[in-house]
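One-letter residues, chain by chain:
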Amino acid sequence: MKTVNIMIVGVGGQGSLLASKLLGHLLVKEGYDVKVSEVHGMSQRGGSVVTYVRFGDKVYSPLVSEGEADYIISFEKLEAARHLPMLKIGGQIIVNTQQIDPMPVITGAAEYPQDVLDEIKAKGVKVDAVDALSLAIEAGSVKAVNIVLIGRLSNYFDFDKQLWLQAIEETVAPKFAQMNKKAFLLGRGEK
Amino acid sequence: MKKLLIGNAALARGLYEAGVKVVSSYPGTPSTEITEFAAKYDEIYCEWAPNEKVATEVAFGASLGGARSACAMKHVGLNVAADPLFTLSYTGVRGGMVICVADDPAMHSSQNEQDSRHYAISAKVPMLEPADSSEAYSFAKAAFDISEKFDTPVMIRTCTRIAHCQSIVDIGERAERDLIPYEKQPAKYIMMPGYAKKKHPIVEERTKALTEFAENCEFNKVFFAENSDMGIVTSGTCYQYVKEVFGDSISVFKIGMINPMPIQALKDFANKVKRLIVVEELDPVIETHLRNIGLKPEGKSLFSNIGEFSQADIKKVLLDKSEENINTDTAIPNRPPVMCPGCPHRGIYYVLAKMKLTVLGDIGCYTLGATPPLNALDSTLCMGASVSGIHGFNKARGEDSQKNTVCVIGDSTFMHSGMTGLVNIAYNASNSVVIILDNSITGMTGHQQNPTTGYNIKGDPAAKVNLEELCHSLGINRVRVVDPYDLASCESAVKEELAADEPSVIISRRPCMLLKYVKAKPALKVDADKCRSCKSCMRLGCPAISIKDGKAVIDATQCAGCAVCKQLCKFDAIKEGV
Ligand SMILES: Cc1ncc(C[n+]2csc(CCOP(=O)(O)OP(=O)(O)O)c2C)c(N)n1
């Protein structure tokens, strides 16, 4: 099989590490070769963060380069636009419609491009936009945005729903398992 | 058992299985998790040392005491540890000793992009370079055998894309090891000239023996493709990019032991390929070796010595191909890292910026005070350089600068290398004002304990350095503590200390907002009717405050209730939450 390239992008502190951990866990159990590239350090302080997840029969590089991402899961609108050049032609964007102003916008040095998702769609890019923050709140915590989006992503893969739920159970702290499972199902469009 | 591990966790597992007894390190991205993971194994004694020199010397002591030991640091940490490193090369080891060093090409979280491979070469110490987590694990184990067999410390070099990338590792069990009995060996361990002179030739002989070993050691792997047009010599993460692009279609010499490199094996490889290419990030270390042994590779004539690579770079340079992609027409504003809402550093920086002081800075979360809108820093060089630097600055510029210059340094950084600079200020009498930003944690690298926090790496209570008393003992008479959430008292403290005619230390004390025991207060609220859109609050650069429809608004999900913004509002529009 061809290696599948997933990018998880967002704002430092939004919980992309857990999303990649969960994905990695599930993919290894399914017998794939997997590489996950995380970010630690400076950019975790509210900066733009990128995580790569690659899986297939044999994966060499841990990185995804421009034009290679099959999926971009974006935890924030602007970040989807920032990483658009990474998307493969015909690739899929899954984006949380939440807006988090970066410092240059806050200080007035730059403007937040409000219509940027429409612009991306107008270019023929497949965009699956979801209000993950509301769904996370519905599930019980603003922190579950990451799992809501994983739920959304799960629609694009053939893995059995149970596998995903089990992966959640095996990667999150027991006391948050129920809430995260709910977030996952909401993201997936189920109750 | 197969596990998906980041390189750092895999390395820690390797240390564990090799029977390591002592690990001492100082945090630094991307090396930090090596020690954090090692600390999870009860069989290993693990600690955060105050700096990398201490850590390396602790590992040396443990080796001298007959145990297998290790230390870990980032590339710039190795500069600090260079002094013990170079002479450790002479003493050699008793228990095997491994020095893990993580480089950061592309400077994801660093102040420079130096290439640690040079250290191994100039200290004449073997260096291994794993290419994924599985190798990080197996090389860590094997490194101890080399260390003991060749009587030398061994370095393991990783980079961000090894340290922080997860790949599959097949782990095993720990082999417990008895301490090697202690024996006094002055000629081996006392490096004064008489003994050291006898040691140097032994080091040179060792390098010869290691070069011999490198000719067909397990760490270097050669693959010959059917087609002999191109042969690539590479190592570490670059190997993965090369394989990603070419698979098995070209010949590859993968170097796992970067120092010393083999001679004959590389010549043989070169003879079998038409075009010899080196793919390596940063400096031409492999390329220089190939030239030194008479080969004519292409390397930096094709590839940059700046930043990190990816498969796209290899494809572009060697195949002149790139993937199609799409871009937005709209400009996308940057999203630089920022100080968190409620960060205790923000208040004091606001005061320094308001007073238009010259501020010599240091390294930590507080370096972010350099960014807009605070723009509060004038310099950042390396850990500790703020305290030593202000002394030089004031000596050079005299009276005038002393009245409007301060320096800032974090608690961990002060313990690391700020203290000696402070002694110098006291001893050589410069009228300098040193501000210690004490947030009770090593923040930037992800919350490690340090000697000022009162806890050790395991989170158990430990001796706590009393910064006030320490500064007094180092010779500073004027030492005072301020709360950075209280802008008025910060300002008067800074004014008074700048006016004083002797050196002083101001400790700006408030624990990091992200610490578990720190509870955020209810979010503040803006009374839109009272807000006159003066934007005074925006001068703080708090991510929780923005302007919507001309009025300030505070994002309740982000606000930590520090109320620093409230102190700036002349119209009483910002209300404390309930
Ligand atoms: C020689 C060296 N070792 C390690 C680092 C990595 N590093 C950068 S800042 C820092 C510590 C910051 O802690 P502190 O001074 O307490 O400031 P805070 O981040 O908490 O504000 C470390 C370990 C470095 N840059 N240089």
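Refer to the preceding data block for the structure.
Since the structure is predicted, the reported quantities are computational estimates derived from the model, not experimental observations.

*Asks:* Mind showing me how you'd approach the overall build of chain B here?
*Replies:* On a plain count of helices and strands, chain B comes out with 21 helices and 22 strands. Along the first, second and third principal axes, the C-alpha atoms of chain B reach 80 × 65 × 50 Å. Per-residue burial over chain B gives 58% buried out of 578 residues. Sequence separation of 24 or more characterises 75% of the internal contacts of chain B that already satisfy a separation of 6 or more. Counting only carbon and sulfur atoms, one obtains 53% of the accessible surface of chain B, whose full area is about 23,100 Å². Of note, chain B has its 64 positive side-chain charges centred 3 Å away from the centre of its 67 negative side-chain charges.

*Asks:* What should I look at first to understand the side chain of His 75 of chain B in this one?
*Replies:* Residues and elements named next belong to chain B. Note on placement: His 75 falls in helix 4 (residues 75-80). Relative accessible area serves as the criterion here: at 0%, His 75 is assigned to the buried category. For His 75, the contacting residues outside a window of four places in its chain are Val 101, Ala 102, Asp 103, Asp 104, Ser 110, Asn 112, Glu 113, Gln 114 and Ser 116.

*Asks:* Help me understand the sheet that holds strand 12 (residues 257-259) of chain B, please; the structure alone is not making it clear to me.
*Replies:* Sheet strands pair by backbone hydrogen bonding; their relative direction is either parallel or antiparallel. Residues and elements named next belong to chain B. Taken together, seven strands build an open sheet; the order of strands is 3-2-4-5-7-6-12 and the sheet is mixed. The sheet is open, and its two edges are formed by strand 3 (45-48) and strand 12, each paired on a single side. In the sheet, strand 6 (residues 127-128) pairs with strand 7 (residues 154-159) via two bridges, with the strands oriented parallel. Paired with Met 127 across the bridge in strand 7 is Met 155. Packed on one face of the sheet, helix 3 (residues 52-64) meets strand 2 (22-25), strand 3, strand 4 (69-74) and strand 5 (97-103) and runs near 165° to strand 4. Lying on the sheet, helix 7 (residues 133-150) is in contact with strand 4, strand 5, strand 6 and strand 7; it crosses strand 7 at an angle near 155°.

*Asks:* Would you mind going over unusual backbone geometry with me for this structure?
*Replies:* Apart from glycine, the bulk of residues carry a negative phi angle, and the bulk of peptide bonds sit in the trans form. Residues and elements named next belong to chain B. Between Asn 259 and Pro 260 the backbone carries a cis peptide bond, its omega angle lying at -10°. Tracing the sequence through the fold places Pro 260 in the loop between strand 12 and helix 12 (264-271). Cis geometry marks the peptide bond from Pro 372 to Pro 373, where omega comes out at 5°. Position of Pro 373 among the secondary structure elements: in the loop between strand 14 (358-360) and helix 16 (385-397). Phi angles above zero are rare outside glycine, and Leu 282 is one such case at about 60°. Counting through the fold element by element, Leu 282 comes out in the loop between strand 13 (275-279) and helix 13 (285-292). For Leu 282, a relative accessible area of 2% gives the class buried.

*Asks:* What am I meant to see in the pattern of salt bridges here?
*Replies:* Pairs can form between side chains of opposite charge once their charged atoms are near each other. By the definition in use, this model includes 47 salt bridges over all chains. In this structure, Asp 101 of chain A engages Lys 548 of chain B in a salt bridge whose closest nitrogen and oxygen atoms are separated by 3.7 Å. Taken as a pair, Asp 101 of chain A in the loop between strand 5 (87-96) and helix 3 (103-106) and Lys 548 of chain B in strand 20 (residues 545-548) lie in two separate chains rather than in one. The partner of Glu 205 of chain B in a salt bridge is Lys 208 of chain B, with the nearest N and O atoms 3.4 Å apart. Taken together, the residues span about one helical turn, with Glu 205 of chain B and Lys 208 of chain B both in helix 10 (residues 193-215) at a distance of three residues. Taken together, the shared-partner salt bridges connect Asp 103, Asp 115, Arg 117, Glu 129, Arg 157 and Glu 280 of chain B into one network.

*Asks:* Hey, could you run me through the nonpolar core in this one?
*Replies:* Soluble, globular proteins show a tendency: their nonpolar side chains are buried together. Residues and elements named next belong to chain B. Core analysis: the largest hydrophobic core is formed by 74 residues, its most contacted members being Tyr 349 and Ile 435. If you count residues domain by domain, this core takes at least three from each of domain 3 (344-509) and domain 4 (525-575). With near-sequence residues (within four places) excluded, Tyr 349 lies in contact with Met 339, Tyr 366, Thr 367, Gly 369, Leu 374, Ala 376, Leu 377, Val 408 and Leu 437.

*Asks:* Would you mind showing me how to read the sheet that holds strand 5 of chain A here?
*Replies:* Read across the open sheet, the eight strands follow the order 6(A)-5(A)-4(A)-1(A)-3(A)-2(A)-8(B)-1(B); overall the sheet is mixed. Only two strands of the sheet have a single neighbouring strand rather than two, namely strand 6 (126-130) of chain A together with strand 1 (2-6) of chain B. Across the sheet, the axes of successive neighbouring strands diverge by a mean angle of 20°, strand direction being ignored. Sitting on the sheet, helix 1 (residues 7-17) of chain B is in contact with strand 1 and strand 8 (165-170) of chain B, with an inclination near 115° to strand 1 of chain B.

*Asks:* Explain the side chain of Ser 401 of chain B to me, please; I cannot follow it from the model alone.
*Replies:* Residue and element names in this part refer to chain B. Mapped onto the secondary structure, Ser 401 falls in helix 17 (residues 399-402). A polar side-chain atom of Ser 401 sits 2.7 Å from a polar atom in the side chain of Asn 394. Sequence-distant contacts of Ser 401, that is, excluding residues within four places in its chain, are made with Phe 393 and Asn 394.

*Asks:* Any chance you could explain the packing of helix 16 of chain B against helix 18 (residues 411-427) of chain B here in plain terms?
*Replies:* The axes of two packed helices give the description: the angle between them and the distance between them. Residue and element names in this part refer to chain B. Relative orientation of the contacting elements helix 16 and helix 18 amounts to 25°, with a least axis distance of 7 Å. As judged from the angle between their axes, helix 16 and helix 18 are roughly parallel. In the packing of helix 16 onto helix 18, the handedness of the crossing is left-handed. Residues Val 387, Ser 388, Ile 390 and His 391 of helix 16 pack against Gly 418, Gly 421, Leu 422, Asn 424 and Ile 425 of helix 18.

Cut-offs applied
- Every chain is numbered independently, its residues counted from 1 as its sequence is written.
- Chain letters and ligand numbers both follow the written order, the letters beginning at A and the numbers at 1.
- For this predicted model, a pLDDT threshold of at least 70 governs which residues receive local features, and a threshold of 80 or more governs which side-chain atom pairs are given and counted, while totals over whole chains, interfaces and linings are taken from all residues.
- Hydrogens and waters are ignored; side-chain quantities use all the structure's heavy atoms.
- We count a stretch as a helix when DSSP gives it H or I for four or more residues in a row; a strand needs E for two or more, and each element gets its number in order from the N terminus.
- Type-normalised accessible area, obtained with a 1.4 Å probe on protein chains alone, sets the label of each residue: buried when under 20%, exposed when over 50%, and partly exposed for intermediate values.
- By definition, residues are in contact when any of their heavy atoms lie within 4.5 Å.
- Only the protein chains shown count as covering a residue, and every accessible area follows the Shrake-Rupley method with a 1.4 Å probe.
- His residues and chain termini do not enter the charge count, which takes Lys and Arg as positive and Asp and Glu as negative.
- Where a charge lies is defined by one atom per residue type, namely NZ (Lys), CZ (Arg), CG (Asp) and CD (Glu).
- By this definition, two strands are paired if DSSP reports at least two bridges between them.
- Only the contacting stretch of a helix is used when fitting its axis, a line to C-alpha atoms as for every element, and angles between N-to-C directions run 0 to 180 degrees.
- When a carboxyl oxygen of Asp or Glu is within 4 Å of a side-chain nitrogen of Lys or Arg, the pair counts as a salt bridge.
- Nonpolar core, defined: a set of buried Ala, Val, Leu, Ile, Met, Phe, Trp, Tyr and Cys residues in which side-chain atoms within 4.5 Å join the residues together.
- Residue ranges assigned to each domain were obtained from an automatic or database domain assignment.
- Within 3.5 Å is the distance limit for a polar contact, defined as a pair of N or O atoms, with the added protein rule that one can donate a hydrogen and the other accept it, and that residues adjacent in sequence qualify only through two side-chain atoms.
- We call two directions roughly parallel when the angle between them is under 35 degrees, roughly antiparallel when it is over 145, roughly perpendicular when it lies between 65 and 115, and oblique otherwise.
- The crossing is said to be left-handed when, going from far helix to near helix, the turn is anticlockwise and less than a right angle, and right-handed when the turn is clockwise.

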